[in-house]
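Breakdown of the fold
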Amino acid sequence: QKEVEQDPGPLSVPEGAIVSLNCTYSNSAFQYFMWYRQYSRKGPELLMYTYSSGNKEDGRFTAQVDKSSKYISLFIRDSQPSDSATYLCAMSAWNTGNQFYFGTGTSLTVIP
Amino acid sequence: DAGVTQSPTHLIKTRGQHVTLRCSPISGHKSVSWYQQVLGQGPQFIFQYYEKEERGRGNFPDRFSARQFPNYSSELNVNALLLGDSALYLCASSLRQGRVPQPQHFGDGTRLSIL
């Protein structure tokens, strides 16, 4: 079983839609959760960094962590064509040897 | 401010050769990590270095090695290249290394193709 599972999509939505991206994980020690956006031929760009359970909001982006279900989500409100990219979740724990575990990424296309 | 810079951007090698990839972290960042990203997959952790010492190692063979220099830049070396080493190699930097994992900032990577 992979440490982190993420639906690869592809996901296609109309401009202005609310997008929901999700990851599940198996290691209950994970406490630090990140979402990255990766454009084609570019490196991942950090969007959100959260600790433990709860919600965190930054502009149009909201990250949710449900540790009891081992499930994290990223919501994008008022999606724009410029949001078209691959979204990667990543997670870590204090005892994982400084290693971050990534999902496979979800490909998102926002149609004008 | 300059982000994480990596060189070269693209590289073509043949099986059995060796390669050296270079990374300069964000100014002030002392920790550097290396990741391998195969097409269609998420990045996989290879190494982390902090203050010139290896602080973490992923599940990669001994053909992979790295080092960090006094100015915090880093090199990743891969010997005896295999076709399966074809990937995007990403370098990430963070302020420091400690008990709490630090958010990592990535460069645009080196795309390595093995023929």
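See the structure shown above.
Everything numeric in this text was worked out from a predicted model, so none of it was measured. Residue indices follow the written sequence of each chain, beginning from 1 at its first position. All chains are assigned letters beginning with A, and all ligands numbers beginning with 1, in the order in which they are written. Given that this is a predicted model, residues contribute local features only at a pLDDT of at least 70 and side-chain atom pairs are listed and counted only at 80 or more, while totals for whole chains, interfaces and linings are drawn from all residues. Heavy atoms throughout the structure, all of them, feed into the side-chain values; hydrogens and water do not.

Thoughts on the nonpolar core
Residues and elements named next belong to chain A. Among buried residues, those of type Ala, Val, Leu, Ile, Met, Phe, Trp, Tyr and Cys that are joined through side-chain atoms within 4.5 Å constitute a nonpolar core. The cut-offs for exposure are 20% and 50% of the maximum accessible area for each residue type, with area from a 1.4 Å probe on protein chains only; residues under the lower value are buried, those over the upper are exposed, and the others partly exposed. Membership of the largest hydrophobic core comes to 26 residues, with the highest contact counts inside it found for Phe30, Trp35, Ile72, Leu74, Ile76, Tyr87 and Met91. Each helix is a run of DSSP H or I of at least 4 residues and each strand a run of E of at least 2, with the numbering of both proceeding from the N terminus. Elements that contribute at least two residues to this core include exactly strand 3 (19-25), strand 4 (32-38), strand 5 (45-51), strand 7 (61-66), strand 8 (71-76), strand 9 (85-92) and strand 11 (106-111). The contact definition used throughout considers only heavy atoms, calling two residues in contact when any of these lie within 4.5 Å. Setting aside chain neighbours within four positions, we find Ile76 in contact with Ala17, Ile18, Val19, Leu21, Arg60, Phe61, Asp83, Tyr87 and Leu108.

Brief notes about the pattern of salt bridges
Basic side-chain nitrogens of Lys or Arg form a salt bridge, by our definition, when they fall within 4 Å of a carboxyl oxygen of Asp or Glu. Considering all chains together, one arrives at 11 salt bridges over all chains under this definition. Salt-bridge contacts for A:Arg37 lead to A:Glu45; the nearest nitrogen and oxygen are separated by 3.1 Å. Between A:Glu57 and A:Arg77 there is a salt bridge, with the nearest N and O atoms lying 3.4 Å from each other. With A:Glu57 in strand 6 (residues 54-58) and A:Arg77 in the loop between strand 8 and strand 9, the pair connects residues that are 20 residues apart, well separated along the chain. Look at A:Glu57 and you get exposed, because its relative accessible area is 58%. Look at A:Arg77 and you get partly exposed, because its relative accessible area is 29%. Among the ionic contacts, a cluster of salt bridges with common partners joins B:Arg22, B:Arg67 and B:Glu75.

Points about the environment of B:Lys52
Residue and element names in this part refer to chain B. Along the chain, the position of Lys52 falls in the loop between strand 5 (44-50) and strand 6 (53-57). Judged by its relative accessible area of 46%, Lys52 is partly exposed. Linking Lys52 and Leu82, residues 30 residues apart in sequence, is a C-alpha distance of 28 Å. Aside from chain neighbours lying at most four places away, what touches Lys52 is Gln68, Phe69 and Pro70.

Description of the state of the cysteines
Here, two cysteine sulfur atoms that lie within 2.5 Å of each other are counted as a disulfide. Considering all chains together, one arrives at two disulfides over all chains under this definition. Across the disulfide from A:Cys23 sits A:Cys89; the S-S distance is 2.0 Å. Disulfide A:Cys23-A:Cys89: the torsion about the S-S bond is -105°, which places it as left-handed. Note that A:Cys23 is positioned in strand 3 and A:Cys89 in strand 9, a separation of 66 residues in sequence. Of the two residues, A:Cys23 and A:Cys89, both sit in the buried class. B:Cys23 shares a disulfide with B:Cys91; S-S distance 1.8 Å. In this structure, the disulfide formed by B:Cys23 and B:Cys91 twists by about -65° around the S-S bond and is classed as left-handed. Here the residue B:Cys23 occupies a position in strand 3 (residues 19-24), and B:Cys91 occupies one in strand 9 (residues 87-94), the gap between them amounting to 68 residues. With relative accessibility at 2%, the residue B:Cys23 sits in the buried group.

Some points on the interface of chain A and chain B
At the junction of the two partners, chain A supplies 21 residues and chain B supplies 26 residues. Both faces combined, the contact of chain A with chain B buries some 1,900 Å², and carbon together with sulfur accounts for 54% of it. A salt bridge links A:Lys42 to B:Asp108, with the shortest nitrogen-to-oxygen separation between them at 3.5 Å. A 3.5 Å cut-off defines polar contacts: any pair of N or O atoms within that distance qualifies, except that in protein one atom must be a possible hydrogen donor and the other a possible acceptor, and neighbouring residues in sequence count only when both atoms are side-chain atoms. If you look at where chain A meets chain B, you find four residue pairs in polar contact (both at pLDDT 80 or more). Ranked by residues supplied to the side of chain A that touches chain B, first place goes to strand 4 of chain A with three residues. Per-class residue counts for the side of chain A that touches chain B are 10 nonpolar, eight polar and three charged. Here the quantity called buried area is the total loss of accessible area, with a 1.4 Å probe, experienced by two parts when brought into contact, counted for both. Side-chain classes follow a simple rule in which Ala, Val, Leu, Ile, Met, Phe, Trp, Tyr, Cys and Pro form the nonpolar group, Asp, Glu, Lys and Arg form the charged group, and the remainder, Gly included, forms the polar group.

Regarding the pairing of strand 6 of chain B
All names here are of chain B. Here strand 5 pairs with strand 6 via four bridges, running antiparallel. Within strand 6, the residue paired with Gln48 across the bridge is Gly56. Pairing between two strands is assigned when DSSP locates at least 2 bridges connecting them. Where strand 5 folds back on strand 6, the antiparallel hairpin that results is connected by two residues, among which Glu51 adopts a positive phi of roughly 50°.

Quick look at the sheet that holds strand 8 (residues 74-78) of chain B
Residues and elements named next belong to chain B. Spatial strand order, 1-3-8-7: four strands in an open sheet with antiparallel pairing. Two strands in the sheet have a free side with no partner beyond their single neighbour: strand 1 (5-7) and strand 7 (64-68). Averaged over all adjacent pairs, the angle separating strand axes in this sheet is 15°, with direction ignored. By the bridge criterion, three bridges tie strand 1 to strand 3 in an arrangement that is antiparallel. Bridge assignment links Ser7 to a residue of strand 3, and that residue is Arg22. Only the contacting stretch of a helix is used when fitting its axis, a line to C-alpha atoms as for every element, and angles between N-to-C directions run 0 to 180 degrees.

Take it as geometry only, folks, not as evidence of what the structure does.
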